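Residue-level structure breakdown
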Amino acid sequence: MRPSFPRPPEPRFVPAGEHPLWDEALATVNRDLAATLPGQRPLCLIAYPADPGEDEQVYVALADGNAHGNALQPAGSADWALWDIAEAAQDTITGCLWQVWPVCTLHGLGTHLAQESGRPVWSCAGGGRPDDPAHVRAAVGELDTVHRPHRPNRKRRKDGKAR
């Protein structure tokens, strides 16, 4: 006879509308994901059951349900929810896909969350020189408005377009 061990409870995908502040924040962060990693499917929320009497733990996950990092904290405001979701998304992408995200297109460096005028922003450390200081790359959710700089040494195709 084999000993029986309890199976850990299965996580569940959190349906839209269950956590409105997180849903809105996740949609904002998914805009940045689509702009910077176009082949990546949108992130989602996944919940792990808790012990009796405790709240379940909700995480930002890849579309396949893999997550990394800390559980989300209850959102008291839209700005706090956006910060928490952006931070959790960055942890999940870095931890599950093993890549830095998002990356500053000027410096090729990973950006970090910061706050400017009360809004969460993606901030780059810059080139480390006085003439190349740290800077805000974009507000969270607005990376699609940032364009890559022109690369003058980039090879051109026969039709004149850059490769």
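Above this text is the structure in question.
We now turn to the structure provided with this report. Because the structure is predicted, anything quoted here is derived from the model rather than measured. (Residues numbered from 1 in each chain as written. Predicted model: local features only at pLDDT ≥ 70, side-chain atom pairs only at ≥ 80, totals over all residues. Heavy atoms only, no water.)

1. Considering the environment of Leu 37
The topology assignment puts Leu 37 in the loop between helix H1 (20-36) and strand E2 (44-48). C-alpha separation for the pair Leu 37 and Pro 102, spaced 65 residues apart in sequence, amounts to 8.7 Å. Residues contacting Leu 37, with those up to four places away along its chain left out, are Ile 93, Gln 99 and Trp 101. (Helix = DSSP H or I, 4+ residues; strand = E, 2+ residues; numbered from the N terminus. Contact = heavy atoms within 4.5 Å.)

2. Considerations on the packing of aromatic side chains
The final tally for this structure, using the stated rule, is 2 aromatic pairs. Between Tyr 48 and Tyr 59 the ring centres are 5.6 Å apart and the planes differ by 90°, which places this aromatic pair in the edge-to-face class. One end of the pair, Tyr 48, is in strand E2; the other, Tyr 59, is in strand E3 (residues 57-61), and 11 residues separate them in sequence. Among the residues examined, Tyr 48 registers a relative accessible area of 31% and is labelled partly exposed. With 5.5 Å between their ring centres and 70° between their planes, Trp 101 and Trp 122 make a pair best called edge-to-face. (Phe/Tyr/Trp six-rings, centres within 6.5 Å; stacked < 30°, edge-to-face > 60°. Buried < 20%, exposed > 50% of the residue type's maximum accessible area, 1.4 Å probe, protein only.)

3. Section: the environment of Asp 51
Tracing the sequence through the fold places Asp 51 in the loop between E2 and E3. Of the residues examined, Asp 51 reaches a relative accessible area of 53% and is grouped as exposed. Put simply, Asp 51 and Pro 9 are 42 residues apart on the chain and 10.0 Å apart in space, counted from C-alpha to C-alpha.

4. Digging into unusual backbone geometry
Among all residues save glycine, negative phi is the norm, and among peptide bonds the norm is trans. The amide bond that connects Trp 101 to the next residue, Pro 102, takes the cis arrangement and shows omega of -15°. Within the secondary structure, Pro 102 sits in the loop between helix H2 (78-97) and strand E4 (112-116). Phi at Trp 98 takes a positive value of approximately 55°, unusual for a residue other than glycine. Mapped onto the elements, Trp 98 comes out in the loop between H2 and E4. On the basis of relative accessibility, which here comes to 77%, the residue Trp 98 falls in the exposed class. Its identity as a non-glycine residue notwithstanding, Ser 117 has a phi of 55°, on the positive side. Counting through the fold element by element, Ser 117 comes out in the loop between E4 and strand E5 (119-124). By relative accessible area, Ser 117 is classed as exposed at 73%.

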